[in-house]
Amino acid sequence: MSSALTDLCRYPIVQAPMAGGVSCPQLVAAVAEAGGLGFLAAGYKTADGMYNEIKQLRRLTGQPFGVNLFMPQPDLADPSAVEVYRHQLAGEAAWYETPLGDPDPHGDDGYEAKLAILLEDPVPVVSFTFGCPTRDTLDALAGVGTYTVVTVTTPEEAQAAQWAGTDAVCVQGIEAGGHQSAFRDDPQTDGSGTGLLALVAQVRETVQVPVIAAGGIMRGSQIGAVLAAGAEAAQLGTAFLICPESGAHLLHKQALTNPLFARTALTRAFSGRPARGLVNRFVREHGPYAPAAYPQVHHVTSGLRKAAAKAGDAQGMALWAGQGHRMARELPAGRLTVLLAEELDAARAAVSTRSKQ
């Protein structure tokens, strides 16, 4: 690991920022205390909500942690396509007895207000999703001592992030659960992403900044594989989602290892942007018709998702999960972090033994 990343965590293990309440302070603190790098997710929160979680986390741990921000999104959605999708969801609204949400034309997610707080009261790490901040922003964060990470899905995005001045890139493979973090949401490229190992190798040959690898990683041996491919650390989301400290809904946690949910798929059904989740009724029925309209579709379906969870109906929930979800282990987050590190050591020892034979 590079010296900067080594200073942030004992193990090359990063707990992914999972928006929607999953990456709560309790989860982040448990990972940080065990030697990993935990991330709060500021997405879908107000600036005050983000700051309150930061203060709560600081009361739980003195270890380094990160905060993830969503980049503002251009308003490229076709309002007529969103309205057609709203009509298609009318039956869902009737079934769950809840109104559909109104599309929000603004996609900034409180970005400027959150950034102002993070510059005024710095945290150790800030990462970015759905795009790359300006050089001025990255320089400002560097000026207050914050380490920056930009999430990328192609070598070209990694190069743009390096040019902008990021300290590191988080390389997200197609296997990753939740939203794909491409800078530009292009429906023509849906499902055409690159697998993590190939992508890490390509990015490693394109940029000089440190690489954090993300996508489908569930075991220490897989961490060893991405490190061998050129990454300095591995980021895991689904592996930590099932932990008792996670803020994920119980139905979501149970679904990860439920044989009823046999596979994942990239879908726009819940948010209007490609995201990998367990295939359930809602994905099957509405995924093929969902428009490229983020965050408008996210706001339209928000009430439906909450109502489905309240009704105990996992078939109507957004069950974000990576391709390795069936390998999830229901362990305390701290214990899981240490176990992953032990598995990594074992994998390295096995490789060393084989190389000497």
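Reading the values: the criteria
Residue indices follow the written sequence of each chain, beginning from 1 at its first position. Thresholds applied to this predicted model are a pLDDT of at least 70 for local features of residues and 80 or more for the giving and counting of side-chain atom pairs; totals over whole chains, interfaces and linings are not thresholded and use all residues. For the side-chain quantities, the full set of heavy atoms in the structure was used; hydrogens and water were omitted. Secondary structure elements are taken from DSSP: a helix is a run of H or I of four residues or more, a strand is a run of E of two residues or more, and numbering for both begins at the N terminus. All radius of gyration figures rest on C-alpha atoms, and the globule criterion is 2.2 Å times the number of residues raised to 0.38. The cut-offs for exposure are 20% and 50% of the maximum accessible area for each residue type, with area from a 1.4 Å probe on protein chains only; residues under the lower value are buried, those over the upper are exposed, and the others partly exposed. Here, two residues are considered to be in contact whenever any of their heavy atoms come within 4.5 Å of each other. Working definition of accessibility: Shrake-Rupley area with a 1.4 Å probe, residue cover restricted to the visible protein chains. The arc in question is the one traced by the directions running from the helix axis out to the C-beta atoms. Strand pairing is defined by DSSP finding a minimum of two bridges between the two strands. Viewed with both strands pointing away, a crossover whose connecting path from the first strand over the helix to the second turns clockwise is right-handed. Working definition: a ring pair exists when centres of Phe, Tyr or Trp rings (six-membered ring for Trp) sit within 6.5 Å. Plane angles under 30 degrees give stacked, over 60 give edge-to-face, the rest tilted. In this analysis the charged atom, NZ for Lys or CZ for Arg, is taken to sit over a ring once it is within 6 Å of the ring centre and within 35 degrees of the ring normal.

A. Representation of the overall build of the protein. Check the secondary structure of the protein and you find 15 helices and eleven strands. Rg of the C-alpha trace for the protein: 19 Å, near the compact-globule value of 21 Å for 357 residues, within the 12% margin. By principal-axis analysis of the C-alpha atoms, the protein measures approximately 65 × 45 × 40 Å. Across the 357 residues in the protein, those meeting the buried criterion constitute 57%. Within the protein, counting contacts between residues at least 6 apart in sequence, those at least 24 apart form 68% of the total. Carbon and sulfur atoms make up 53% of the accessible area of the protein, which amounts to about 14700 Å² in all.

B. Quick look at helix α7 (residues 135-143). Every buried residue of α7 is accounted for by T137, L138 and L141. Seen along its axis, α7 keeps its buried residues to an arc of 95 degrees; they face one direction. In α7, the exposed positions angled more than 90 degrees off the buried face are occupied by D136 and G143. Looking at the packing, one finds that the buried side of α7 touches α6 (111-120), β4 (125-129), β5 (147-152) and α8 (155-164). At the C-terminal side of α7, G145 shows a positive phi close to 85 degrees.

C. Local environment of the pairing of strand β8 (residues 211-214). With burial as the criterion, each face of β8 is covered, one bearing V211 and A213 and the other bearing I212 and A214. Bridge count for strand β6 (residues 168-172) against β8 is four bridges, and the pairing is parallel. Of the residues in β8, the one forming a bridge with V171 is A213. The pairing of β8 with strand β9 (residues 233-236) spans three bridges and is parallel. From the neighbouring strand, A214 faces β9, where its bridge partner is Q235. One crossover worth recording links β8 to the parallel β9 by way of helix α10 (residues 220-228), and it is right-handed.

D. Region of interest: the sheet that holds strand β10 (residues 264-267). The strand order across the open sheet built from three strands is β7-β11-β10, with neighbouring strands paired in antiparallel fashion. Of all the strands in the sheet, just β7 (178-179) and β10 have a single pairing partner and so form its edges. Pairing of β7 with strand β11 (residues 275-278), which is carried by two bridges, proceeds in the antiparallel orientation. When the sheet's bridge partners are listed, H179 is paired in β11 with A275.

E. Geometry of the environment of R335. You can see R335 is positioned in helix α15 (residues 333-356). R335 gets classed as partly exposed once you look at its relative accessible area, which sits at 40%. It is 40 Å that separates the C-alpha atoms of R335 and P288, two residues lying 47 residues apart in sequence.

F. Local environment of unusual backbone geometry. For the bond running from Y294 to P295, omega is 10 degrees, close enough to zero to count as cis. Relative to the elements of secondary structure, P295 occurs in the loop between α13 (281-286) and α14 (296-310). The phi torsion at F130 lies on the positive side, around 75 degrees, for a residue other than glycine. Looking at the secondary structure, you find F130 in the loop between β4 and α7.

G. Representation of the packing of aromatic side chains within the structure. Tallied over the full model, the rule gives five aromatic pairs. A ring pair is formed by Y44 and F70, whose centres lie 5.2 Å apart and whose planes are at 85 degrees; its orientation type is edge-to-face. Placement of Y44 in the loop between β2 (38-41) and α3 (47-60) and of F70 in strand β3 (residues 65-70) is noted, with a sequence separation of 26 residues between them. Owing to a relative accessible area of 9%, F70 belongs among the buried residues under this scheme. Aromatic side chains F270 and F282 sit 4.6 Å apart centroid to centroid with 15 degrees between the ring planes, which places their arrangement in the stacked category. With F270 in the loop between β10 and β11 and F282 in helix α13, this pair connects stretches of sequence that are twelve residues apart. Each member of the pair, F270 together with F282, is buried. One aromatic cluster is present, built from ring pairs that chain together Y44, F70, F130 and Y294. Stacked on the ring of Y11, the Lys or Arg R10 has its end atom at 5.4 Å from the ring centre.

H. Region of the structure containing the environment of S192. Along the chain, S192 turns up in the loop between β7 and α9 (196-204). For S192 and I174, which are 18 residues apart along the polypeptide, the C-alpha to C-alpha distance reads 8.1 Å.

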